[in-house]
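Structural features, examined
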Amino acid sequence: MSDTALSSDKIGVGTEIPSLELPPINRTTLALFAGASGDHNPIHIDIDFAKKAGMPDVFAHGMLSMAYLGRMLTNWQSQAKLRRFSNKFAAITQLADVITCSGKVVEMIEQNGETIARCEIQAAKADGTQTLVGEALVAV
Amino acid sequence: MLDRSKIGHEFPSFSVDIEKGRLKFFAKAIGETNPVYTDEEAARAAGFKALPAPPTFMMSVDLDAPEFLPMLSLLEMDLGRVLHGAQDFEYIGQIYAGDTITQTSKILDMFDKKGGALEFIVLESAYTNQDGELVGKAQQTIVYRN
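If you're wondering where the values come from, they're calculated on a predicted model, not measured in any experiment. (Residues numbered from 1 in each chain as written. Chains lettered and ligands numbered in written order. Predicted model: local features only at pLDDT ≥ 70, side-chain atom pairs only at ≥ 80, totals over all residues.)

1. Remarks on the interface of chain A and chain B
To keep it simple, the criterion reads: Once C-beta atoms have been placed from the backbone, residue pairs whose C-beta atoms lie within 7 Å are recorded as contacts. The way it works is that DSSP assigns letters per residue, a run of H or I at least four long becomes a helix, a run of E at least two long becomes a strand, and they are numbered from the N terminus. We call Asp, Glu, Lys and Arg charged. Ala, Val, Leu, Ile, Met, Phe, Trp, Tyr, Cys and Pro are nonpolar, and the rest, Gly among them, are polar. Only strands joined by at least two bridges in the DSSP assignment are considered to pair.
Every contact between the two is made by 38 residues of chain A and, on the other side, 33 residues of chain B. Elements that contribute at least two residues to the side of chain A that touches chain B include exactly α1 (27–37), α2 (47–52), α3 (62–76) and β2 (82–89) of chain A. Per element, the largest residue contribution to the side of chain A that touches chain B is 11 residues, and it comes from α3(A). For the side of chain A that touches chain B, the residue count by class is 18 nonpolar, 14 polar and six charged. Sheet topology places β2(A) next to strand β2 (residues 82–91) of chain B; five bridges connect them, and they run antiparallel. Within the sheet, the bridge partner assigned to Phe85(A) lies in β2(B) and is Phe89(B).

Shown next, in the form of structure tokens:
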């Protein structure tokens, strides 16, 4: 186990996942993520394209914030324990938004012979607007 | 209205080499600080046989298809009107640096809301490694602004 993973025997309903606050979204982050993720959709990196598509400016990839949620989950528990990870993209993340990822265990369930913590997770802007809302299933 | 007769369409399968450098670049791009994703010794100490691909990297396998977002041409869609509505990953195994992952995907469903102002396409994908082991599945919901 990595040093950052907490002991799993203390996990139960109400356990909070240590939150993750990200630096403000900027154009460099979007350019790097476009290259690294393979999502070359110009709407995230080319302001001319974004404006033609009716958007005020480029905006963040939804998958960037989902990757941030993934960081939060795997900083909490080893990825080897992650069984399912899903979310809806509820609002667009704009440049300069400060995203915070958070989550908590809402139910303990038995599935395929394992005890699983069902966690509600979200990414939100500083004003509280939820951008991603979803859930993760983590074996304990 | 997008062509609903394409529900059930299977896209050509393809394979992608999972490169160590690409995983490190991905880790850098998302500001990852956990050494498990950038340092092979840390990865092995944590019980991984090589650098693990992070949880959302399955989507990057999709994006490395020979044709970028092949649904665009199939359904005659305009890229500028595409939004990501939802994403669901199921983990059965683990994708590692050095793996060759074969992806298969199909259109699971299509529907609309708001009187057709928004159309939804649900894609289902599966990921198998070089040993024939199914390592993950995904469902992606795409929103199309009409």
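2. Topic: the sheet that holds β2(B)
How we decide: Note on definitions: angles span 0 to 180 degrees between N-to-C directions of axes, and those axes are lines fitted to C-alpha atoms, for helices only across the stretch in contact.
Reading across from one edge, β1(A)-β3(A)-β4(A)-β5(A)-β2(A)-β2(B)-β5(B)-β4(B)-β3(B)-β1(B) is the order of the 10 strands in this open sheet, with antiparallel pairing throughout. Here the strands that pair on one side only, and so sit at the sheet edges, are β1 (16–21) of chain A together with β1 (10–17) of chain B. Taking each pair of neighbouring strands and ignoring which way they run, the sheet shows an average axis angle of 20°. Against the sheet, α3(A) contacts β1, β2, β3 (100–111), β4 (114–124) and β5 (130–139) of chain A together with β2 of chain B, and its axis sits at roughly 135° relative to β1(A).

3. As for the nonpolar core
Note the cut-off: When buried Ala, Val, Leu, Ile, Met, Phe, Trp, Tyr and Cys residues are joined through C-beta atoms within 7 Å, the set is termed a nonpolar core. Here a residue counts as buried when 20 or more other C-beta atoms sit within 10 Å of its C-beta, as exposed when there are 12 or fewer, and as partly exposed otherwise, the C-beta atoms being derived from the backbone.
Counting 62 residues, the largest nonpolar core has Tyr68(A), Leu69(A), Met72(A), Ala136(A), Leu23(B), Ile30(B) and Met58(B) as the members making the most contacts within it. At nine residues, α3(A) tops the list of elements feeding residues into this core. With near-sequence residues (within four places) excluded, Ala136(A) lies in contact with Leu73(A), Leu82(A), Arg84(A), Phe85(A), Gly103(A), Cys119(A) and Ile121(A). Core analysis: the second largest hydrophobic core is formed by seven residues, Met71(B), Ile107(B), Met110(B) and Leu123(B) among them.

4. Regarding unusual backbone geometry
Here Asn112(A), not a glycine, exhibits a phi torsion of approximately 50°, which is positive. Note that Asn112(A) resides in the loop between β3 and β4. Residue classification places Asn112(A) among the exposed residues on the basis of 7 C-beta atoms within 10 Å. Within the chain, Leu69(B) stands out as a residue other than glycine whose phi angle is a positive 45°. As for its position among the elements, Leu69(B) is in the loop between α3 (58–63) and α4 (71–74).

5. As for the pairing of β2(A)
For β2(A) and β5(A), the ladder comprises seven bridges, and the chain directions are antiparallel. By the bridge assignment, Asn87(A) is partnered in β5(A) with Gly134(A).

6. So, the environment of Glu124(B)
Residues and elements named next belong to chain B. Assignment of secondary structure puts Glu124 in strand β4 (residues 118–128). The exposure class of Glu124 is partly exposed, given the 16 C-beta atoms found within 10 Å. Counting along the chain gives 17 residues from Glu124 to Ile107, while the straight-line C-alpha distance between them is 6.4 Å.

Keep in mind that these numbers describe shape and distance, not what the molecule does.
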